[in-house]
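Listed below are the residues making up each chain.
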Amino acid sequence: MRVARRIKQRMYYALLIGKEPIYERDDNGNIIYRIHDGERIPVETGYFDDIYSEPIMFFNSISGQLTENELQAFGTQNLADAKMTYKRGQYPFKTGTLIWKQSEVKRKEDGAIDPSSADFRVMGVMNEGQLFWKAMMQAVSNNES
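Predicted model only: the values in this text are computed from it and were never measured.

Student: Just checking my understanding: could you explain the sheet that holds strand E7 (residues 82–87) for this structure?
Tutor: Consider a sheet: its strands pair through backbone hydrogen bonds, and that pairing is either parallel or antiparallel. Taken together, 6 strands build an open sheet; the order of strands is E6-E1-E8-E9-E10-E7 and the sheet is antiparallel. Pairing within the sheet leaves two strands with one partner each, and these edge strands are strand E6 (56–60) and E7. The average angle at which neighbouring strand axes cross in this sheet is 40°, direction not considered. Here strand E1 (residues 9–14) pairs with E6 via 5 bridges, running antiparallel. If you follow Arg10 over to E6, its bridge partner there is Phe59.

Student: I would appreciate a short explanation of the layout of surface pockets in the present structure.
Tutor: Over the atoms a probe the size of a water molecule is rolled, and this reveals where empty space is left. Of the pockets and cavities examined, the largest pocket occupies roughly 310 Å³. In this structure, the largest pocket is lined by 12 residues; those nearest its centre are Glu20, Ile22, Arg25, Asp49 and Asp110. Where the lining of the largest pocket is concerned, the elements lending two or more residues are strand E2 (16–23) and strand E5 (44–52). Counting residues per element, the lining of the largest pocket draws most heavily on E2, which supplies 4 residues. Of the residues in the lining of the largest pocket, the class split is 5 nonpolar, 1 polar and 6 charged.

Student: Just checking my understanding: could you explain the packing of aromatic side chains for this structure?
Tutor: Geometrically, a pair of aromatic rings is defined through the distance of the ring centres and the angle of the planes. Across all of its chains, the model carries 9 aromatic pairs by this definition. With a centroid separation of 5.1 Å and an interplanar angle of 85°, the aromatic rings of Tyr13 and Phe93 are classed as edge-to-face. Of this pair, Tyr13 sits in strand E1 while Phe93 sits in the loop between E7 and strand E8 (98–100), placing them 80 residues apart in sequence. Relative accessible area serves as the criterion here: at 7%, Tyr13 is assigned to the buried category. On the accessibility criterion, Phe93 (7% relative accessible area) is buried. Here the aromatic cluster, defined as three or more aromatic residues joined through ring pairs, consists of Tyr13, Phe58, Tyr86, Tyr91, Phe93 and Trp133. Positioned above the aromatic ring of Tyr33, the side-chain terminus of Arg40 is 3.9 Å from the ring centre.

Student: When you look at the nonpolar core in this model, what are you seeing that I'm missing?
Tutor: Buried together is how nonpolar side chains tend to be arranged in soluble globular proteins. Ranked by size, the top nonpolar core spans 16 residues in total, and within it Phe58, Ile62, Met84, Phe93, Ile99 and Met137 carry the most contacts. Within the residue set of this core, elements represented by two or more residues are E1, E7, strand E9 (120–126) and strand E10 (132–139). Apart from residues lying up to four places away in sequence, Ile99 is in contact with Met11, Tyr12, Tyr13, Phe58, Ile62, Met84, Phe93, Ala118, Asp119, Phe120, Val122 and Met137. Of all hydrophobic cores here, the second largest spans 8 residues; its members include Ala14, Leu16, Ile113 and Ala118.

Student: What am I meant to see in the pattern of salt bridges here?
Tutor: If charged atoms from side chains of opposite charge come close, those side chains can pair. By the definition in use, this model includes 3 salt bridges. Notably, a salt bridge pairs Asp50 with Lys19, separated by 2.5 Å at the nearest N-O pair. Here Asp50 is found in strand E5, whereas its partner Lys19 is found in strand E2, with 31 residues between them in sequence. Judged by its relative accessible area of 55%, Lys19 falls in the exposed class. For the salt bridge of Asp49 with Lys108, the shortest nitrogen-to-oxygen distance reads 3.8 Å. In this pair, Asp49 sits in strand E5 while Lys108 sits in the loop between E8 and E9, placing the two residues 59 residues apart along the sequence.

Student: I'm lost on unusual backbone geometry in this one. Help?
Tutor: Here the phi dihedral of Asp37 falls at roughly 55°; this positive angle occurs in a residue that is not glycine. Tracing the backbone shows Asp37 in the loop between strand E3 (33–36) and strand E4 (39–42).

Parameters at a glance
- Residues numbered from 1 in each chain as written.
- Predicted model: local features only at pLDDT ≥ 70, side-chain atom pairs only at ≥ 80, totals over all residues.
- Heavy atoms only, no water.
- Pairing = 2+ DSSP bridges.
- Helix = DSSP H or I, 4+ residues; strand = E, 2+ residues; numbered from the N terminus.
- Axes fitted to C-alpha atoms, helices over the stretch in contact; angles between N-to-C directions.
- 1 Å grid on protein atoms, 1.4 Å probe; cavity = no way out; pocket = protein on both sides within 12 Å on 5 of 7 lines; lining within 4 Å.
- Points joined across faces, edges and corners; volume = space filled by probe spheres on them.
- Nonpolar A, V, L, I, M, F, W, Y, C, P; charged D, E, K, R; others polar.
- Phe/Tyr/Trp six-rings, centres within 6.5 Å; stacked < 30°, edge-to-face > 60°.
- Buried < 20%, exposed > 50% of the residue type's maximum accessible area, 1.4 Å probe, protein only.
- Lys NZ or Arg CZ within 6 Å of the ring centre and 35° of its normal.
- Core = buried A, V, L, I, M, F, W, Y, C linked by side-chain atoms within 4.5 Å.
- Contact = heavy atoms within 4.5 Å.
- Salt bridge = Lys/Arg side-chain N within 4 Å of Asp/Glu carboxyl O.

As structure tokens, then:
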């Protein structure tokens, strides 16, 4: 199942590469520290922010036509909004990867990738095909933090 060059679009992806703790801050936005054995330790909130790689440009096509078999194979009934088919191993997509199809990649004040600016988030990759793999994606709502 080849994707015709004429329907490929320029898009960007950013891989989920880790998580970092969110620290408590004072009214001025400064991190709050506590002293333990003479060492300053930032106070964590217990929540984490996702860390993404720098966005990488690629060309492909996204389809909104999902079959019932595809949804069942991913165990994501009624959650997937789109799929992308690509050559085996062509992209390093994994769960959590962000895709920008039409939107512009935006950044937070600290320079980190703003995940709410993405169009899609990869929910799963079907990588068992001999020639082609599929990534199932869910639309990102614009009010995510």
